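Here's the letter readout for the chains.
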Amino acid sequence: MTPGPPSPPHPLRQQLLLSLRQDLDDRLSYSLHQGVWREAIRGPLPELPARLWNIEVKLRQAPRFPLTQAMGLLGVLAQAEGKLMVLGGAGTGKTSTLIDLAHQLWSIAQTSVTAPVPLYLSLRDWRQPSAIAPWLVEQLHRRYQIPPPIGHLWLQQHQFLPLLDDLDRLPLGHQEYCLQALNQFLASYPRLVVATSLEAYTRCQTRLSLNGGMLLRSLTNEQIDAYLNHTESLELHRSLAADPALLGLAKNALLLNMMILATDEILIRAWRGLSTFDDRRHYLISAYVRSRLRRNPHDPWYPRNQEPLAEQTKRWLHWLAHYLHSQQLADFRIEDLQPSVLAKTQSRWTYAIGVGLLEGIILGGSFGLLSRQVPLLTLGLAIGLASTPLHLWQQVDRQIQPQAPIFNLLNRHWASHTSVIIGTIILVSAIVGWLLQTLGQGSSNGVITGLTLLLSLGLICLTPWGLKALTQRWRPTPLSPLPTAVQATQNASLLTCLGIVISSGLWFWMGLPLAQYAVLSICLGLLLGMAAGGEACIQHGVLRFLLWSQGHIPWNYRRFLNYASDRLLLQRHQNRYEFIHALLQNYFAQSR
């Protein structure tokens, strides 16, 4: 029997491949290797040479042998049957090796629906005692908006080749547990590539059940000479040739690239006067940072002579490095900021009061202004202030929740989700309209009138939070790739307008005077908008304002992060940022 044609790939597979390619291209674009080739060469750029590598390969019980261009990374992976480890010291190119391997695997996956999709991830986001498979599904959802059921199914079908980096960046006590979790994963999964430092791996007792490894060694003198000749760094070449201690520093690929980019900031005589390797490396990184912060008349992010001052940039990057280290994060998204970063109790109280006050102004305050009744305005502000302890003490209220589109046509539950939202608005509007109609007929005394108004306001106020609870089971997935504040603003605006239009139309059809009850309609819309994302906007805005007022971040944070990425201090991949290397992150974390 002749087999039929292969089934077409899932639509989300192509979406994932496109996102992965953008991620990999960004990492390549913001690498020091590319930076050297863009900045050190004067005149037309020659063809980009291969990376600086000196790799030894070990496959099972066979003796070690040097990696050749003919074999390549794919050849090593094939001989290791998909289970490979990449070892080396800091700055020798472990991450670059994984990225280049991922690029080659991506090209194969793009043309073959049966080829595994390369999934580059950092183990810095792994948390003990999580198993590797659920963690991979979570990362697919968080980074690439792949719904967890689909990610779990693809993982069961072995459709991925995970390339996991930064095992050595985990806390020392967690590395052993992570190795054990990786071995459990390997017991049922056919392929995996892991990168870590040789020193960290030898300190651990657990050994991974892999079929081979690549050891990235220091560069040879011949490799350094050839690279410096390619980049036309003749003066640096002469200085290194005359000083064996500095030449030893240049045997590290990362530090050699930093030397080339920071040549104008390095005083060779002062550099030679330093006695230890760590002191010379610290001097080099300082010179590299100074070279990156020189004014650039063609900077795309700031007008000429309006770039952040060097001290400002260092202070902002110091806070970012400290934040990533304290939160044990691989990278940073502005939208991931949470009020927990406010270390001082006073700052958290300020945040709680700010959120409560703004909500009071928007909800109770707008009702008071629209009805032209000062007591109602005062009452709204008082209610907002009284609610501030909730924002401080309740964990769920202190967290800024990620936002999903209210009406996501790509989600299979969108019709049910939309029906619940619109049906709830119509039902509550109809009940409130009936109460208002009864009140308008004048058949009730003062007590009944007061109770009717109170019930109407109660229904309006309870609608958003009841609606949020009802729609949890139809929560739209995947989450929006838009920034949290942007998606929250879209959700809030959409549901505010929807609430106003539906309630006004229904009340007009019931014969109510809209001019008299427009305030209630507007307040219903505002409350719906608050539940649909307005609260997240307020929380995010107050938090950003406090961090800015304390000098931790600039006012336009994204512009600054893009600026630092173009200066090769940070690396930008899509809407995430991380430092070019752990050495640079440690440098800023320790600076004052």
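Here goes a summary of the coordinates provided. (Residues numbered from 1 in each chain as written. Predicted model: local features only at pLDDT ≥ 70, side-chain atom pairs only at ≥ 80, totals over all residues. Heavy atoms only, no water.)

## Section: the overall build of the protein
Right, so step 1: Broken down by element type, the protein carries 25 helices and nine strands.
Right, so step 2: Pairs at least 24 apart in sequence give 74% of the contacts found in the protein among residues at least 6 apart.
Right, so step 3: Within the structure as shown, the protein displays about 28300 Å² of accessible surface, and the carbon and sulfur contribution to it stands at 60%. (Helix = DSSP H or I, 4+ residues; strand = E, 2+ residues; numbered from the N terminus. Contact = heavy atoms within 4.5 Å. Areas by Shrake-Rupley, 256 points an atom, 1.4 Å probe, with all protein chains shown as cover.)

## Focus: the sheet that holds strand E1 (residues 55-59)
Right, so step 1: The seven strands lie next to each other as E2-E1-E7-E3-E6-E5-E4, forming an open sheet whose pairing is mixed. Bordering the open sheet on either side are strand E2 (65-66) and strand E4 (117-122), each of which pairs with just one other strand.
Right, so step 2: Pairing of E1 with E2 involves two bridges; the strand directions are antiparallel. Looking across to E2, one finds that Val57 is bridged to Phe65.
Right, so step 3: Helix-sheet contacts for helix H3 (residues 72-79) involve E1, strand E3 (83-88), strand E5 (160-165), strand E6 (192-197) and strand E7 (212-216), and the interaxial angle to E1 is about 20 degrees. (Pairing = 2+ DSSP bridges. Axes fitted to C-alpha atoms, helices over the stretch in contact; angles between N-to-C directions.)

## Topic: helix H24 (residues 557-566)
Right, so step 1: Counting buried residues along H24, seven of its ten residues qualify, which places the element largely inside the surrounding structure.
Right, so step 2: Turning to H24, its buried residues number three or more, namely Tyr557, Phe560, Leu561, Asn562, Tyr563, Ala564 and Ser565. (Buried < 20%, exposed > 50% of the residue type's maximum accessible area, 1.4 Å probe, protein only.)

## Let's talk about the pattern of salt bridges
Right, so step 1: On inspection of all chains with the given rule, the structure shows 20 salt bridges.
Right, so step 2: Each of the salt bridges in this network shares a partner with another, and the network as a whole consists of Asp125, Arg142, Arg143, Asp331, Arg333, Asp336 and Arg576. (Salt bridge = Lys/Arg side-chain N within 4 Å of Asp/Glu carboxyl O.)

## Side note on unusual backbone geometry
Right, so step 1: The residue after Gln128, namely Pro129, is reached through a cis peptide bond having omega 5 degrees.
Right, so step 2: With respect to the element layout, Pro129 can be found in the loop between E4 and helix H5 (132-144).
Right, so step 3: The phi torsion at Asn305 lies on the positive side, around 65 degrees, for a residue other than glycine.
Right, so step 4: Notably, Gln328 is not glycine yet its phi reads approximately 55 degrees, a positive angle.
Right, so step 5: Structurally, Gln328 can be placed in the loop between helix H15 (310-327) and helix H16 (345-371).

## Comments concerning the pairing of E5
Right, so step 1: Burial runs high along E5: six of the six residues are buried.
Right, so step 2: Judged by which residues are buried, E5 turns out to be covered on both faces: Phe160, Pro162 and Leu164 on one side and Leu161, Leu163 and Asp165 on the other are all buried.
Right, so step 3: Examined bridge by bridge, E4 and E5 share six bridges and lie parallel to one another. Across the sheet, Tyr120 pairs through a bridge with Leu163, a residue of E5.
Right, so step 4: Direction of pairing for E5 relative to E6: parallel, over a ladder of two bridges. From the neighbouring strand, Leu164 faces E6, where its bridge partner is Val194.
Right, so step 5: Crossover handedness for the path E5 to helix H7 (residues 172-186) to E6: right-handed. (Right-handed = clockwise from strand over helix to strand, strands pointing away.)

## Focus: a nonpolar patch on the surface
Right, so step 1: A contiguous nonpolar surface patch, about 230 Å² in accessible area, is contributed by Trp349, Ile353 and Leu357.
Right, so step 2: Tracing the sequence through the fold places Ile353 in helix H16. (Patch = residues over 30% accessible without salt bridge, like charges linked within 9 Å, V, L, I, M, F, W, Y side chains within 5 Å.)

## Some details on the side chain of His573
Right, so step 1: Secondary-structure assignment places His573 in strand E8 (residues 570-573).
Right, so step 2: Residue class for His573 comes out buried when judged on its relative accessible area of 2%.
Right, so step 3: Within the local environment of His573, its side chain forms a polar contact with the side chain of Glu578, the two groups lying 3.0 Å apart.
Right, so step 4: Dropping the residues within four chain positions of it, His573 is found in contact with Asp23, Asp26, Arg27, Asp331 and Glu578. (Polar contact = N/O pair within 3.5 Å; in protein donor to acceptor, adjacent residues only side chain to side chain.)

## Quick look at helix H6 (residues 148-156)
Right, so step 1: Looking only at H6, the buried set comprises Ile150, Gly151, Trp154 and Leu155. Along H6, the residues classed as buried sweep out an arc of 135 degrees about the axis, all on the same side. Turned more than 90 degrees away from the buried face of H6, the exposed residues are Pro149 and Gln156. (Arc of directions from axis to C-beta.)

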